[in-house]
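Coordinate analysis (summary)
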Amino acid sequence: MKKPNILITNDDGIFSQGIFTLWQAVKNISNTIIVAPKNQQSATSHALTLSKPLKISDIKRSNGFHGWGVNGTPTDCVKIGLRTIVKSKPDLLISGINQGANLGNNIIYSGTVSAASEGVLNDIPSIALSLDSFEKSEWECAKKITLEIIKNVLNKKLPKGIVLNVNIPNCKLDQIKGFMVTEQGNQYFKDKFNKRNDPRGNIYYWMDGKIVDKDKKIKYDGYAIANNYVSITPLKYNLTDFSYLDILKKDFNE
C-alpha cells in the first residue's frame, strides 16, 4: 500500500521537541515533508510576512530528521511550502505538536491552529495537535495518541473544510480516560500589562495574565482536558453568523 504524503509544520519552531515527536510518530507510516518556522512563532495567529523576504534553510537534526526552516510565520510556512517545496498535494497536513493547549477563545491567537486552517484553505485535510503543558511534558504519551488519531483520519478521511483541533492532556498514557469529541469552549486569557523601566529609565510593558475557564461541562474542550480526556474539536472557518443574517437583511433592505 502506498504511503501517504504528510506535510508537517508548527508554530514552536523546527527545533522544538514537539515537531520532532510528531515526526517520530508518523515517519514509519508516511512520507514526511517538514516546513516550519526557524524561530518561535507562538500566538501569531494567521499572520503573513509581507514587508520582508522569506528565506528557506535546509535543516537536519538527529536520527534522520530533515526539514525546511522558514524565517516567517506558520502560515508563511504552509504557503511557501506548498508552492516551492512540495512536489504534489499532500494527503494530510499536521501542525504541532504544540507545547501548550489551544482551547476555547484562545484558538483565535494560535499559530498552530492557523497553520492547519491554511491547509484546509488549500483543500488539504488538516489536524492541529497540542499538548497541555509548557514545562515537563509527557511526549511519549503524546506520540502514541497522535499516531492513533492520524491513523483514524487517514482511514476515515475528514470532511472538506474541517480542521481537527486535538488537545492532549499532559499525563501518562494509563491516566488518559479516553477520547472526547468536544465543542470549542469559553476559556480565555485574562491579560494584564506589567509596567517596567529599562536600565536607561525608559518605560516598557510586559504582558502577563492567567487562563480563566468557567466551563463545567465535559462537552467543552477545556473541561475535557482538565479531566484527562483527549479533546477532539472539529473547527470550520466560515465566520458568517447565519442566525443574525436574516435580521440584518430585513433591517438594511427596508
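Conventions used here
Residues numbered from 1 in each chain as written. Predicted model: local features only at pLDDT ≥ 70, side-chain atom pairs only at ≥ 80, totals over all residues. Heavy atoms only, no water. Phe/Tyr/Trp six-rings, centres within 6.5 Å; stacked < 30°, edge-to-face > 60°. Helix = DSSP H or I, 4+ residues; strand = E, 2+ residues; numbered from the N terminus. Buried < 20%, exposed > 50% of the residue type's maximum accessible area, 1.4 Å probe, protein only. Pairing = 2+ DSSP bridges. Axes fitted to C-alpha atoms, helices over the stretch in contact; angles between N-to-C directions. Contact = heavy atoms within 4.5 Å. Salt bridge = Lys/Arg side-chain N within 4 Å of Asp/Glu carboxyl O.

Right, let's get into the packing of aromatic side chains. The geometry of two aromatic rings is summed up by the distance between their centres and the angle between their planes. For the structure shown, the criterion picks out three aromatic pairs. Ring centres of Phe20 and Trp23 lie 5.5 Å apart, and the angle between their planes is 40°; on these two criteria the pair is classed as tilted. With Phe20 and Trp23 both in helix α1 (residues 17-26), this residue pair falls three residues apart, about one helical turn. With a relative accessible area of 8%, Phe20 lands in the buried category.

With that settled, consider the sheet that holds strand β11 (residues 229-236). Here we have nine strands laid out as an open sheet, ordered β3-β4-β2-β1-β5-β6-β7-β11-β8, and mixed in their pairing. With one partner strand each, in any of the chains shown, β3 (56-60) and β8 (178-181) form the two edges of the open sheet. Sheet twist, expressed as the mean angle between neighbouring strand axes with direction ignored, is 25°. Bridge count for strand β2 (residues 31-37) against strand β4 (residues 66-70) is three bridges, and the pairing is parallel. In the strand pairing of β4, Pro37 is matched with Val70. With respect to the sheet, helix α2 (residues 74-85) is in contact with β1 (5-9), β2, β3, β4 and β5 (92-99), its orientation differing from that of β2 by roughly 135°. Sitting on the sheet, helix α3 (residues 111-121) touches β1, β5, β6 (126-131), β7 (162-168) and β11, and the angle it makes with β6 is about 170°.

Time to look at the pattern of salt bridges. Charged atoms that come close allow side chains of opposite charge to pair. Applying the stated criterion across every chain yields a total of six salt bridges. In this structure, Lys89 and Asp123 form a salt bridge, with 3.3 Å as the shortest nitrogen-oxygen distance. Placement of Lys89 in the loop between α2 and β5 and of Asp123 in the loop between α3 and β6 is noted, with a sequence separation of 34 residues between them. Between Glu138 and Lys172 there is a salt bridge whose closest N-O contact spans 3.4 Å. Placement of the pair is Glu138 in the loop between β6 and α4 (139-156) and Lys172 in the loop between β7 and β8, with a sequence separation of 34 residues. Of the residues examined, Lys172 reaches a relative accessible area of 46% and is grouped as partly exposed.

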